[in-house]
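Each chain, letter by letter, is given below.
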Amino acid sequence: MNRSPRDLLRGARPGSAASGPTGVIVAVRPEPSVEAVAARLHDLGLVVERTIGDKIVGTIDGARLADLRADPAVREVETSVRLHPHEPRS
Amino acid sequence: MPTRRKRRVAKPAARRRPSRAPAGPAAASRPAVEPPAAVTAATRMPKLDPRLAACAFRAAREARLAPAATRRGAAGTGAASRGAATAPRSLRAVPIGLQSIRAQLSPTSQRDLEARDVVPVLVESSAASGRGGVGAGLARVATEARRVSRSTVVARVPRTRLGDVAALAGVRRVEASVRLRPRVDLAHASALLFHGGARSVSQTGAGVLVGIVDTGIDATHPGFQADGQTRIVRYVDQTTGASYSPAQIDGGAAAASPDEEGHGTHVAGIAAGGGGGLAVQRYAGVAPGADLAVVKTTFDTADIAAGVALVFDLAAQRDQPCVVNLSLGGHWGGHDGSSLLERVIDELCEPPGRAVVVSAGNEGGSRLHAGTRLPYGADTPQRWVADLELSPRIVQGTAMGLLWVSVWTQREDDLLVTLRSPNGELFRPPRSGRQEADRSRFAVDVSHQVAAYSGDNEFAFGVFAVAEPDWLHGWSLIVEEDRAQGRHGAQVGAVHAWIADEAMGAFVNGYTRSHLVGMPGTAYSAVTVASYATRKAWESQDPALPVVDLAAVNLEDISYFSSPGPTREEQNKPEVAAPGQWLVSALSAQASADALPLWVRLQGAPYAALQGTSMSAPYVTGALALLLEKDPALHWGEMKRRLAKSCRADRFTTPSWNQRWGHGKIDVERLLTIDPTA
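Residues numbered from 1 in each chain as written. Chains lettered and ligands numbered in written order. Predicted model: local features only at pLDDT ≥ 70, side-chain atom pairs only at ≥ 80, totals over all residues. Heavy atoms only, no water.

1. Quick notes on the overall build of chain A
Then, number 1: The helix and strand tally for chain A stands at three helices and five strands.
Then, number 2: Carbon and sulfur atoms provide 48% of the accessible area of chain A, an area that totals close to 4400 Å². (Helix = DSSP H or I, 4+ residues; strand = E, 2+ residues; numbered from the N terminus. Areas by Shrake-Rupley, 256 points an atom, 1.4 Å probe, with all protein chains shown as cover.)

2. Focus on the overall build of chain B
Then, number 1: Along its length, chain B carries 19 helices and 34 strands.
Then, number 2: In chain B, buried positions account for 56% of the 678 residues.
Then, number 3: If you take every contact in chain B between residues at least 6 apart in sequence, the share linking residues at least 24 apart comes to 77%.
Then, number 4: By element, 51% of the accessible surface of chain B is carried by carbon and sulfur atoms, the whole surface being about 28200 Å². (Buried < 20%, exposed > 50% of the residue type's maximum accessible area, 1.4 Å probe, protein only. Contact = heavy atoms within 4.5 Å.)

3. Side note on the packing of helix H17 (residues 613–630) of chain B against helix H18 (residues 636–646) of chain B
Residue and element names in this part refer to chain B.
Then, number 1: Two elements in contact, H17 and H18, have axes separated by 12 Å at closest approach and are oriented at 110°. Compared by their axis directions, H17 and H18 come out roughly perpendicular. The way H17 lies across H18 gives a crossing that is right-handed. Judged by residue contacts, Val620, Leu624, Leu627 and Leu628 of H17 engage Met639, Arg642 and Leu643 from H18. (Axes fitted to C-alpha atoms, helices over the stretch in contact; angles between N-to-C directions. Parallel < 35°, antiparallel > 145°, perpendicular 65-115°, else oblique. Left-handed = near helix turned anticlockwise from the far one by under 90°.)

4. So, the confidence of the model for chain B
Residues and elements named next belong to chain B.
Then, number 1: Summing up the model confidence of chain B, the mean pLDDT is 84 and the portion of residues at 70 or higher is 82%.
Then, number 2: Low pLDDT, under 50, characterises residues 1–45; the stretch is placed with 56 contacts to residues that sit more than four places away or in other chains.
Then, number 3: Taken as a whole, residues 179–184 scores under 50 in pLDDT and shows six contacts with residues more than four places along the chain or in a different chain.
Then, number 4: For this predicted complex, the interface score ipTM comes out at 0.87, while the overall pTM is 0.77. (pLDDT = per-residue confidence, 0-100.)

5. Overview of the interface of chain A and chain B
In many analyses, interface size is given as the accessible surface area lost on bringing the parts together.
Then, number 1: Taken together, the contacts link 40 residues of chain A with 65 residues of chain B.
Then, number 2: Between chain A and chain B, roughly 4300 Å² of surface is buried when both sides are summed, and carbon and sulfur atoms account for 59% of that area.
Then, number 3: Counting the contacts that link chain A with chain B gives four salt bridges.
Then, number 4: Asp300(B) is paired through a salt bridge with Arg82(A); the nearest N and O atoms lie 2.6 Å apart.
Then, number 5: In this assembly, chain A and chain B are joined by 16 residue pairs in polar contact (both at pLDDT 80 or more).
Then, number 6: For the side of chain A that touches chain B, the element with the most residues is helix H1 (residues 5–12) of chain A, which contributes seven residues.
Then, number 7: Two elements, strand E5 (residues 84–85) of chain A and strand E15 (residues 328–329) of chain B, share two bridges in a ladder whose sense is antiparallel. From the neighbouring strand, Pro85(A) faces E15(B), where its bridge partner is Leu328(B). (Buried area = accessible area lost by both parts, 1.4 Å probe. Salt bridge = Lys/Arg side-chain N within 4 Å of Asp/Glu carboxyl O. Polar contact = N/O pair within 3.5 Å; in protein donor to acceptor, adjacent residues only side chain to side chain. Pairing = 2+ DSSP bridges.)

6. Some points on helix H13 (residues 263–272) of chain B
Then, number 1: In terms of burial, H13(B) is a largely internal element, 10 of the 10 residues being buried.
Then, number 2: Looking at H13(B), one finds that the buried residues are His263(B), Gly264(B), Thr265(B), His266(B), Val267(B), Ala268(B), Gly269(B), Ile270(B), Ala271(B) and Ala272(B).

7. As for the pairing of strand E4 (residues 152–158) of chain B
All names here are of chain B.
Then, number 1: Counting buried positions over the seven residues of E4 gives five, a clear majority of the element.
Then, number 2: Where strand E2 (residues 118–125) meets E4, seven bridges bridge the pair, whose relative direction is antiparallel. In the sheet register, Val118 faces E4, and the bridge partner there is Pro158.
Then, number 3: In the sheet, strand E3 (residues 144–147) pairs with E4 via four bridges, with the strands oriented antiparallel. When the bridges of E4 are listed, Glu144 appears paired with Arg156.

8. Points about the sheet that holds E4(B)
Residue and element names in this part refer to chain B.
Then, number 1: Spatially, E3-E4-E2-E5 is the arrangement adopted by the four strands of the open sheet, whose pairing is antiparallel. In this open sheet, the two strands that pair with only one neighbour each are E3 and strand E5 (171–176). In this sheet, neighbouring strand axes are inclined to one another by 25° on average, regardless of whether the strands run parallel or antiparallel.

9. Description of the sheet that holds strand E21 (residues 415–420) of chain B
All names here are of chain B.
Then, number 1: Spatial ordering of the open sheet is given by E22-E21-E26-E18-E28, a layout of five strands whose pairing is antiparallel. In the strand order of this sheet, the two ends are held by strand E22 (426–427) and strand E28 (505–507), each with one partner.
Then, number 2: Pairing between strand E18 (residues 383–390) and E28: three bridges, direction antiparallel. Residue pairing in the sheet places Leu390 in a bridge with Gly505 of E28.

10. Regarding the state of the cysteines
Then, number 1: This structure, assessed with the given rule, holds zero disulfides over all chains.
Then, number 2: Of the cysteine sulfurs around Cys322(B), a residue in no disulfide, the closest is that of Cys349(B), at 9.0 Å. (Disulfide = S-S within 2.5 Å.)

11. Quick notes on unusual backbone geometry
All names here are of chain B.
Then, number 1: The linkage connecting Met519 with the following residue, Pro520, adopts the cis geometry, with an omega of 10°.
Then, number 2: On the secondary structure map, Pro520 appears in the loop between E28 and strand E29 (527–533).
Then, number 3: Between Lys573 and Pro574 the backbone carries a cis peptide bond, its omega angle lying at 0°.
Then, number 4: Tracing the backbone through its elements, the reader meets Pro574 in the loop between strand E31 (547–549) and strand E32 (576–581).
Then, number 5: You will see that Gln485, though not glycine, has its phi angle at about 50°, which is positive.
Then, number 6: Along the chain, Gln485 falls in the loop between strand E26 (473–481) and strand E27 (494–499).

12. Topic: the pattern of salt bridges
Residues and elements named next belong to chain B.
Then, number 1: In this structure the tally under the stated criterion is 36 salt bridges over all chains.
Then, number 2: In this structure, Arg434 engages Glu436 in a salt bridge whose closest nitrogen and oxygen atoms are separated by 3.1 Å.
Then, number 3: Here Arg434 falls in the partly exposed class, since its relative accessible area comes to 42%.
Then, number 4: What you see here is one network of salt bridges that share partners, running through Asp336, Arg411, Glu412, Asp456, Arg568 and Glu569.

Spelled out as structure tokens, the structure:
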């Protein structure tokens, strides 16, 4: 085994990327507006793909997730997890 | 994969053993019907097909029970009339139990046959019967006979004389002529979209945009074209960033974004396929007149959210009502509709004329969920244990067991959640945040967080173990009341645990057959769809399996794989059940043989049979497109209300909502005609 159990576990953690772009959905406090918040979060490294109401869909470097979560305008951050088509496997 | 598949090679009745003669004094006193040798001969060569045999038996029984004068009048002349009071000779040796079982093969056609005095049949003669075949003999028995091939005569025979036909020299087989139906898709008949082989509703989905967020689409499939032009108004590929206009699709540019899985093409065909590629459009989808917008997604939740938003934006630009289909899911999050993806869906569906339909999931038979309710106010602190096992698999080139499990408890409760390893070590998440532990044979990652939206507690455990039995088995989750230092222990007491994926492992005990609808199926606004069976056989492209006949499929019953609800908050999910077990729909020409093997591909047509709630969801998507064509400004709440009100109940369902069926089987015709004020 080349990698430690902990490394393998970390690598397989859902939505966890130590670095590199991570898909996120961010719920924000839209004050003064979602667009203004999105622009500010862009400075944190959030690449905004789309805003939907008070939520922003985008990507951010995994290393900066903690900064994003700590921003006062951010209420929730959900890192993207991989879903799958609903086909029976048995 | 099906649970069972086999060639449909009818086992000759000749090889079936006749029923053993009953033992005991009563049997001993009963005269034998035929000598054993005749029994053997007759059962080896049953000339009448089962329907006719049952029909002839009934005719003989009626003649026996009828008054003598009537019997003489009805029985006709000749050998048959002499034997009319007993069963025809060719039938005597076939056990009555077997006859009645065979007669159940097709109750409808059986009733049709028995209602007739003269029965239409096909008579096959043996080669030994010569050029004239059986025509001369048949002419004496039948009211009408006409040779249609060298060895086959079609005839009309009095019901009472079927046995005489079978007894004619040279007759090899007598088969009932039965009425066939136009081979429209069986699902449409079950969902009452079709009556008598034709659509029972006038709506086709015209003017409605159907969105498919899935593995892509084979845009060249004839089912997605009308008058030689594509019906796809936009095709976006999130995996490459490409986007195709109708002109680009017609120019062939979309070939750069193939649907290699075939899943999205099949799903799109069920919702809105036109049925092209065949002389008869027997495999058209539910809303063949709808426009299509397709997103080939990465299946990451952020991309799914963006894909759904993109389709609704497009619908707004085109001023169209819109239904988006999501035949996908997973077991991350609180299973209560509070994930951000699900709340995005709720937000996008808020304007009128919009709906999102989600498949319930295919974990109906899995051991992914375990749960309990700890009692309130017990004298001593309560404790619950659920054992786990990891499935060995290859991850990043290494054989291992790797499992993620989340335990959710209510915000009102003070509960301690601990993971116990096979060697007895205990791992408890910190009050907030995460911890890791690395051992030589395993590693664990434990965390606790309070969900921002619901305030409930999520305890997450990641487990890695070497792929050895001692370390794959023997893991346990322990949930205990915490009454220390003024804590309250269990107030609500609801505890739910989900393993993220059934490929990771399973609960050994404490598991349930409920709460298996994944996200985003638990979204509040989503219409979540269960699956039931409507097909079990088809002719395939596989030379080794030319006829697929899945005997284990119980038609009209809930699919074994269909995930039951409710949500963690006990909300009613799924809402409705639709045909999803073996639906025939569009086959992507780009799909690999690994993704769609030959045995699911239909013979001679660009169509395939697939199963899953992935297939039942687009059925409802198509039905809602029909509803939105009729009333484009409906809110999702009203759409759900009408779905629930119009559902069909039968012996498989229950009169009210239940966790497997939802409100019942979709009834498309009723959905479209139901009184809005009802």
